[in-house]
Amino acid sequence: MTKKWILSFVLAFYFNLYGFNPADYAPAENEIYGEIAPLEVATEQIKGFLVELTGAALFETLQAQLSLRLGFDLFNHEELTNMGFDIKTPWGFSGSWGKEPSFSLYIPTKDSLKLYQILRNLAEQEANSQHSSQKLTTDEEFQDMEEGNPSAFSKLPKEFQEIKVNELFTLKEGNQIAYVARTNKFVFVSNEPQFSESKLQPAAKPISSESYYATLKEYYRRKNGGKIPLGSLYLHPSTLRRIEEQNFPIYGEALSQALLEEMEKNIEGIGGFWGFESKKTILSFAYLYRKGYLRDKNFLLARILQTTGQKITLQFFPELPVLYLALNINLPPLIDFMIEKDPQLRDNLKTTRDKLAQDFPWDIAKDLLRAFSGNIAALVAKLPPEKNLRDYEAWVWYANFGIIPEKKAVLKDFLDALVRTRKRQKNPEFSVSLRKVQGQELYILSYTPQKGKAMRIYLLFSGNEILLSGNENIGKIPTGSKHLVREITGYENPNAFFYVNLSAIIDFLAKSNMKAFILPYLPYLRSFSSLHMVSGSETDITFSDFVIRLK
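Rules used throughout
Residues numbered from 1 in each chain as written. Predicted model: local features only at pLDDT ≥ 70, side-chain atom pairs only at ≥ 80, totals over all residues. Heavy atoms only, no water. Phe/Tyr/Trp six-rings, centres within 6.5 Å; stacked < 30°, edge-to-face > 60°. Helix = DSSP H or I, 4+ residues; strand = E, 2+ residues; numbered from the N terminus. Buried < 20%, exposed > 50% of the residue type's maximum accessible area, 1.4 Å probe, protein only. Pairing = 2+ DSSP bridges. Contact = heavy atoms within 4.5 Å. Core = buried A, V, L, I, M, F, W, Y, C linked by side-chain atoms within 4.5 Å. Salt bridge = Lys/Arg side-chain N within 4 Å of Asp/Glu carboxyl O. Patch = residues over 30% accessible without salt bridge, like charges linked within 9 Å, V, L, I, M, F, W, Y side chains within 5 Å. Areas by Shrake-Rupley, 256 points an atom, 1.4 Å probe, with all protein chains shown as cover. Polar contact = N/O pair within 3.5 Å; in protein donor to acceptor, adjacent residues only side chain to side chain. Expected span 1.5 Å × (residues − 1). Arc of directions from axis to C-beta. pLDDT = per-residue confidence, 0-100.

## Quick word on the packing of aromatic side chains
Turning to step 1, where the next piece is worked out: Taken as a whole and assessed by the stated rule, the structure comprises 28 aromatic pairs.
Turning to step 2, where the next piece is worked out: A centroid spacing of 5.0 Å and a plane angle of 70° characterise the contact between Y25 and F186, whose relative ring orientation is edge-to-face. Highlighted residues: Y25 in the loop between α1 (3–17) and β1 (32–36) and F186 in strand β7 (residues 186–190), separated in sequence by 161 residues.
Turning to step 3, where the next piece is worked out: Here Y25 falls in the buried class, since its relative accessible area comes to 8%.

Encoded structure:
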């Protein structure tokens, strides 16, 4: 025996006796595996966020009410330990979501017998309180129960008597059965159709042995400010098809199928986490791909995610707007892919081109759609007074679209042709005109409904972008030195970003006619600062983060 082998054997023996890792018990082939942070960590994170949200005094009141309902103080570590919980080890959750979803929950314990007895007593009390005539059944009675019996418990049914654990009880609700058992290390809860002792033993091939589990686990912790997330989720790579088929129906079956097949061949793991940092909570989803996939331009996803990084005006807005949206994708290759994979789209574009050929000698896909780089931003700078909410001109909004420099002349020629065509057709509802403002060519798109006020959009070419606004002074968009997206998210050039200034909206509502409806909640609402969503990529991971910030 080598010293290394002996050390490994000793460590394995030690952790088998004293250590517990729920990921060692969850089979790698299961579709879902989740972890809940150790109670010591989870309760501190939740408490910290709630104190920041409600204030210390109000939190103490909420804590007292919760303790009264639960029968114990969830935030008292000593009390949790005395109940039998191991507050330093994470909980584990494993399952599948087929026709009959199944789950298994692993609760780490310091005293498994004590916690097991507490749970069993609570179950018995619940049964007796809801069904006064229903007592804890014997093993024989359990076998003879009718399927429709609403609730019943059993100590140890005959077919389970060979299990080498001290206790097992079952809960039956209609056709559903949940098993609660214990080992020296944990309490086990499951609804799987057949219970066996093997479920209480480490899996032959556990998820803890999977590389994607280790990679995502480290990624979650780093994204959560170096802290263990409150909850984390790991999905088997085979679940990608089920998820993606629901995310891409807008592009048509051919396109979604082609992109999905490419991603399936390169995916290694899927998951997400929910965590707390100071003054914010984050819900994040992640896709882990094989090494190098997101940088290999032989694949579509790599091409559309690798943007030019082109700066556009609205990235440098001086103040936090009420609403902000930004998109950064490499649009031309995406358009090429869509046209290649979707015959119906090709036919529609050809039909449109043929109809407009007399006035517009440009190919819509080749000359116009491919003129845009994929850098887009739009914002609402501030909300108008409540009485002017329905007045289009009262809203202060801006938008801009990045354009490829070589295609700028084509877009200007197209707009000039549109001006000439509309003059000739004299359409009273929709018109396009051109005006010189301070030496700049300002295009005005106007829509006048039969009954109503005209709505105008002003369009201006500025550098390598097109600016849009409802204000004719569009050339005077205020700009600042701070990079808006980077200031909020920390990312230089994410692929998608959406921001809501909750503080500004709550202030607006507090002064509006809705004040009476939100007045009871204002002390809590006043604590919120913003909500944002950001999507992007890091090395071999694509992510989407949803973040709520407090003041």
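So much for the structure itself; the text now carries on.
## Overview of the pairing of strand β15 (residues 440–447)
Turning to step 1, where the next piece is worked out: Relative to β15, strand β14 (residues 430–437) runs antiparallel, the two sharing eight bridges. Residue pairing for β15: S433 is matched across the bridge by I444.
Turning to step 2, where the next piece is worked out: Between β14 and β15, which pair antiparallel one after the other, the connecting turn spans two residues, and Q438 there sits at a positive phi close to 50°.
Turning to step 3, where the next piece is worked out: Judged from the six bridges that link them, β15 and strand β16 (residues 455–462) form a sheet pairing that is antiparallel. Its bridge partner being in β16, Y447 is matched across the sheet by M455.

## So, the pairing of β16
Turning to step 1, where the next piece is worked out: As judged from the five bridges shared by β16 and strand β17 (residues 465–469), these two strands associate in the antiparallel manner. Looking at the pairing, F461 lines up with I466 of β17.
Turning to step 2, where the next piece is worked out: Taken together, β16 and the strand that follows it, β17, pair antiparallel across an intervening segment of two residues, in which G463 is found at a positive phi of about 60°.

## A few points about the environment of F93
Turning to step 1, where the next piece is worked out: In this fold, F93 is placed in strand β2 (residues 91–96).
Turning to step 2, where the next piece is worked out: Counting along the chain gives 10 residues from F93 to F103, while the straight-line C-alpha distance between them is 7.0 Å.
Turning to step 3, where the next piece is worked out: For F93, the residues in contact, after removing those within four places along its chain, are I32, Y33, G34, F103, S104 and L105.

## Structural notes on the nonpolar core
Turning to step 1, where the next piece is worked out: Core analysis: the largest hydrophobic core is formed by 40 residues, its most contacted members being I207, L216, Y234, L314, Y324 and F497.
Turning to step 2, where the next piece is worked out: Residues contacting F497, with those up to four places away along its chain left out, are Y324, L325, A326, V485, I488, T489, H532, M533 and V534.
Turning to step 3, where the next piece is worked out: Grouped together as the second largest cluster of nonpolar side chains are 24 residues, Y293, L294, I364 and A365 included.

## A few points about the pattern of salt bridges
Turning to step 1, where the next piece is worked out: Evaluated as defined, the whole model comprises 18 salt bridges.
Turning to step 2, where the next piece is worked out: One salt bridge in this structure joins R353 and D363, with 3.0 Å as the shortest N-O distance. Residue R353 is found in helix α12 (residues 343–355), and its partner D363 is found in the loop between α12 and α13 (364–368); the two are separated by 10 residues along the sequence.
Turning to step 3, where the next piece is worked out: Given a relative accessible area of 31%, R353 falls into the partly exposed group.
Turning to step 4, where the next piece is worked out: What makes D363 partly exposed here is its relative accessible area of 23%.
Turning to step 5, where the next piece is worked out: Salt-bridge contacts for E441 lead to K436; the nearest nitrogen and oxygen are separated by 3.6 Å.
Turning to step 6, where the next piece is worked out: The class for E441 is partly exposed, based on a relative accessible area of 27%.
Turning to step 7, where the next piece is worked out: Here K436 falls in the exposed class, since its relative accessible area comes to 59%.
Turning to step 8, where the next piece is worked out: Among the ionic contacts, a cluster of salt bridges with common partners joins K350, R353, D354 and D363.

## Quick notes on a nonpolar patch on the surface
Turning to step 1, where the next piece is worked out: Together, W274, L283, F285 and F546 line one region of the surface with nonpolar side chains, adding up to about 380 Å² of accessible area.
Turning to step 2, where the next piece is worked out: Structurally, the position occupied by W274 is in strand β9 (residues 267–277).
Turning to step 3, where the next piece is worked out: Residue W274 is classed as partly exposed on the basis of its relative accessible area, which comes to 41%.

## Comments concerning the side chain of N266
Turning to step 1, where the next piece is worked out: Following the sequence through the fold, N266 ends up in helix α9 (residues 253–266).
Turning to step 2, where the next piece is worked out: On the basis of relative accessible area, N266 is assigned to the buried category, the value being 4%.
Turning to step 3, where the next piece is worked out: There is a polar contact of 2.7 Å between the side chain of N266 and the backbone oxygen of E262.
Turning to step 4, where the next piece is worked out: Within polar-contact distance, the side chain of N266 engages the side chain of R290 at 2.5 Å.

## As for the environment of G470
Turning to step 1, where the next piece is worked out: Within the secondary structure, G470 sits in the loop between β17 and α15 (484–489).
Turning to step 2, where the next piece is worked out: Considered as a pair, G470 and V396 are 74 residues apart in the sequence and their alpha carbons are 7.2 Å apart.
Turning to step 3, where the next piece is worked out: G470 has contacts with Y392, W397, R456 and Y458, leaving out every residue within four places of it along the chain.

## Here we look at the environment of R435
Turning to step 1, where the next piece is worked out: By secondary structure assignment, the location of R435 is in strand β14.
Turning to step 2, where the next piece is worked out: Setting aside residues no more than four positions away along its own chain, R435 makes contact with Q440, E441, L442, I444 and E472.
Turning to step 3, where the next piece is worked out: Here E472 takes part through its side chain, which lies 2.9 Å from a polar atom of the side chain of R435.

## Topic: helix α7 (residues 211–223)
Turning to step 1, where the next piece is worked out: The end-to-end C-alpha separation of α7 is 18 Å, in line with the 18 Å expected for 13 residues at 1.5 Å each.
Turning to step 2, where the next piece is worked out: By the burial criterion, the buried members of α7 are Y212, Y213, L216, Y219, Y220 and K223. Buried positions in α7, seen along its axis, are confined to an arc of 135° and lie on one side of it. In α7, the exposed positions that point more than 90 degrees away from the buried face belong to S211 and E218.
Turning to step 3, where the next piece is worked out: Contacts made by the buried residues of α7 are with β1, β8 (231–235), β9, β10 (280–289), β19 (528–538) and β20 (541–550).
Turning to step 4, where the next piece is worked out: The positive-phi residue at the C-terminal boundary of α7 is G225, with phi of around 70°.

## With respect to the confidence of the model for the chain
Turning to step 1, where the next piece is worked out: This prediction gives the chain a mean pLDDT of 82; 84% of its residues lie at or above 70.
Turning to step 2, where the next piece is worked out: Per-element confidence in the chain ranges from a low mean pLDDT of 39 for helix α6 (residues 139–144) to a high of 96 for strand β18 (residues 496–500).
Turning to step 3, where the next piece is worked out: Note that pLDDT drops below 50 for residues 131–165; the model gives that stretch 72 contacts with residues more than four away or on any other chain.

## Structural notes on the side chain of S535
Turning to step 1, where the next piece is worked out: Among the structural elements, S535 can be located in strand β19.
Turning to step 2, where the next piece is worked out: One polar contact links S535 to S544, side chain to side chain, over a distance of 2.7 Å.
Turning to step 3, where the next piece is worked out: Setting aside residues up to four positions removed in sequence, S535 forms contacts with P494, N495, A496, F543 and S544.

## Let's talk about unusual backbone geometry
Turning to step 1, where the next piece is worked out: You will see that K279, though not glycine, has its phi angle at about 70°, which is positive.
Turning to step 2, where the next piece is worked out: Assignment of secondary structure puts K279 in the loop between β9 and β10.
Turning to step 3, where the next piece is worked out: Taking the relative accessible area as the measure of exposure, K279 reaches 34% and is therefore partly exposed.
Turning to step 4, where the next piece is worked out: Notably, T539 is not glycine yet its phi reads approximately 50°, a positive angle.

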